[in-house]
Structures are given as structure tokens and as C-alpha cells.
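Notes for the structure review
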Amino acid sequence: DDFVGAFTHELKTPMTSIIGYADMLRSHEMDPEDAFMAANFIYSEGKRLEAMSLKLMDLVVLDKNDFTLVRGYSRRIMGHVVAVVTPMLEKNGLTLSTGIEQQLILYEKDLLLTMLTNLIDNARKASEPGKIIFLSGKKQQNRYRITVRDQGIGIPEEDLKRITEAFFMVDKSRARAQHGAGLGLAISNRIAQLHGSELHFESKLGVGTTVWLDLPLYDGTRRKKEAPEA
């Protein structure tokens, strides 16, 4: 049941993007380069969903912890995140502002994409049209810090320590209206732990919420459970 709920939850954001790009292809005259980019995105997201289903099975059902990390550039992976979430945010009248410092980092690609789209989707749910969501990445000592910040409704202090619990919802009526299941942050925190980190939250009611995590930097030496750049 947890796996079915998790997989259904994770389908929503990429499917919104796939439908958005497919609709562009069928309803607008596009130059060949833009049309190819849209079609390529649909293809790559379809392949990612195929891979993600197996990895979520390993993560949720089999409790796997030894996923292989690959090395890659931060702007490349974050650029993919931006492509996934942009149609969803535009549909809700929101703007994404990015500030990504280029670093060579270690990550599990499909799971990291899942986690970051989850965090931005949560920011979307908490934000009114016209607001800005901020996505940033920078070197922080010997780690790479990724931060998502919104200008949304905020989270009560007493709920902050519980928001990564499975099925916990801060605002149940609002979450259910947006088809939330209370699984996104639980899965995201598990993915952060696979990267040797955890999710950290700061929030103020009526002002917004900030969430961040620290990823390992690639230091030029080959480690166990590490593969070449994809």
C-alpha cells in the first residue's frame, strides 16, 4: 500500500510536465529545434519514470540503502529539475528563480530528481499565484547545499518536527484538495539520507518556508558505490 501510494504521488509532477510539453507539440506551430527539445523531454521523462518505479520499489518495499551514486555537474541536474517543474508552476501563476553554483557533486539521479521536484511541488501547494519560488545551490564547506524557499503560508512551529512522517499533513483539507497523500516529504527525507544528509526546515506563518539539504562533493577519488558520470 505504501509503495502504491508513493508511486502514485511521484507520477503527478512529471506527468503534468509531460502533458504540458505534449500539448505544446500538438497545438502550437514550433520551430524544429523547440519541437525536438519538447519531444526529447517527453521521451527522457518517460524513461525516468520507468526507472523510478523500480527504484521506488527498492526504496519503499525492499528498504534498499545501497544505491550507486554518480558524479555530475550541479547545473545539469538542476536544469533537468527546472524543465520538469516549469509547466506546473506556470499553470499555477508562479515563478521559479534559480541561483546554481557549478560544482561536481555525487548523487543518485532519478531519486534526486524525485526529491527536488517534491520539494518544489510542496512550495507550489503553499503559494498563491504571483509568488516566487527560489531554488539555489552552492558549495558549503565540503558539501553542496541545495535550498528551496517559498513565499507561502508557512508551517506552524509545532508541526515542523513531524512533517517528514509518512502520511502527516499540516493542512489536511488543503492537501486533499490538491490530491496530497502526506508521502512526499517522507520519501524526500529518505532520499536525502541515502545521500548522507537530511532535510532541514525553517518556516514562519504568512512568510514562507525554507528547506535545505547538503549533498557530497566529488573530490576526484573513486569511492565505493560510485559510478562515472552519467
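Residues numbered from 1 in each chain as written. Predicted model: local features only at pLDDT ≥ 70, side-chain atom pairs only at ≥ 80, totals over all residues. Heavy atoms only, no water.

Moving on, we get to the overall build of the protein chain. Each helix and strand counted, the protein chain has seven helices and eight strands in total. Across the 230 residues of the protein chain, 46% fall into the buried class. At a minimum sequence separation of 6, the contacts of the protein chain that also span at least 24 residues come to 74%. Put simply, the protein chain shows about 11,900 Å² of open surface, and 52% of that area lies on carbon and sulfur atoms. (Helix = DSSP H or I, 4+ residues; strand = E, 2+ residues; numbered from the N terminus. Buried < 20%, exposed > 50% of the residue type's maximum accessible area, 1.4 Å probe, protein only. Contact = heavy atoms within 4.5 Å. Areas by Shrake-Rupley, 256 points an atom, 1.4 Å probe, with all protein chains shown as cover.)

The next point concerns the nonpolar core. The biggest cluster of nonpolar side chains holds 47 residues, and the ones touching the most others in it are Met115, Leu119, Leu135 and Leu199. Among the elements that make up this core, the one with the highest residue count is helix α4 (residues 109-125) (eight residues). The residues contacting leucine 199, other than those within four sequence positions of it, are Met115, Leu119, Leu185, Ser188, Asn189, Ala192, Val211, Trp212 and Leu213. (Core = buried A, V, L, I, M, F, W, Y, C linked by side-chain atoms within 4.5 Å.)

Okay, the confidence of the model for the protein chain next. The share of residues in the protein chain with pLDDT of 70 or more is 77%, and the mean pLDDT across the chain is 81. The secondary-structure element of the protein chain with the lowest mean pLDDT is helix α6 (residues 172-177), recorded at 43, while strand β5 (residues 143-149) shows the highest, at 97. Throughout residues 172-182 the model reports pLDDT below 50, and contacts reaching past four residues in sequence, or to other chains, amount to 22 contacts. (pLDDT = per-residue confidence, 0-100.)

This part covers the sheet that holds strand β6 (residues 200-204). Reading across the sheet, the five strands line up as β2-β4-β5-β7-β6 and stay open at both edges, with mixed pairing between neighbours. Among the strands making up the open sheet, the edge pair consists of β2 (95-100) and β6. Across the sheet, the mean angle from the axis of one strand to that of its neighbour is 15 degrees, orientation sign disregarded. Strand direction decides the pairing type here: β2 and strand β4 (residues 132-140), joined by six bridges, are parallel. From the neighbouring strand, serine 97 faces β4, where its bridge partner is phenylalanine 134. (Pairing = 2+ DSSP bridges. Axes fitted to C-alpha atoms, helices over the stretch in contact; angles between N-to-C directions.)

Given a rise of 1.5 Å per residue, 17 residues ought to cover 24 Å, and the 24 Å separating the end C-alpha atoms of α4 matches this to within 8%. Taking burial as the measure, the 17 residues of α4 include 15 buried ones, the bulk of the element. Its side-chain oxygen 3.1 Å from the backbone nitrogen of aspartate 110, glutamate 108 forms the N-cap of α4. (Expected span 1.5 Å × (residues − 1). Polar contact = N/O pair within 3.5 Å; in protein donor to acceptor, adjacent residues only side chain to side chain.)

Note on placement: isoleucine 191 falls in helix α7 (residues 184-194). Residue isoleucine 191 is classed as buried on the basis of its relative accessible area, which comes to 0%. Here the alpha-carbon distance between isoleucine 191 and tyrosine 107, two residues 84 residues apart in the chain, equals 9.9 Å.

This part takes up the pairing of strand β1 (residues 69-73). Burial within β1 is extensive, with four of its five residues counted as buried. In this sheet, strand β3 (residues 104-107) lies alongside β1 in antiparallel orientation, the contact comprising four bridges. Bridging from a neighbouring strand, glycine 72 pairs with isoleucine 105 of β3.

Viewed as axis vectors pointing N to C, α4 and α7 meet at an angle of 140 degrees, and their least axial separation amounts to 9 Å. In terms of their interaxial angle, α4 and α7 are classed as oblique. Here α4 and α7 pass one another in a crossing that is left-handed. In this structure, α4 contributes Leu111, Leu112, Thr114, Met115, Asn118, Leu119 and Asn122 to the contact, and α7 contributes Gly184, Leu185, Ser188, Ile191, Ala192 and Leu194. The residue inventory of the contact of α4 with α7, partitioned by class, reads eight nonpolar, five polar and no charged. (Parallel < 35°, antiparallel > 145°, perpendicular 65-115°, else oblique. Left-handed = near helix turned anticlockwise from the far one by under 90°. Nonpolar A, V, L, I, M, F, W, Y, C, P; charged D, E, K, R; others polar.)

For the rest of this paragraph, the subject is the pattern of salt bridges. Pairs may arise between side chains of opposite charge once their charged atoms sit close together. The final tally for this structure, using the stated rule, is four salt bridges. Arginine 26 serves as the salt-bridge partner of aspartate 23, at 3.0 Å between the closest nitrogen and oxygen. In this pair, aspartate 23 and arginine 26 both sit in helix α1 (residues 2-27), three residues apart, roughly one turn of the helix. For arginine 26, a relative accessible area of 72% puts it in the exposed group. The network of salt bridges with shared partners includes Asp121, Arg124 and Lys125. (Salt bridge = Lys/Arg side-chain N within 4 Å of Asp/Glu carboxyl O.)

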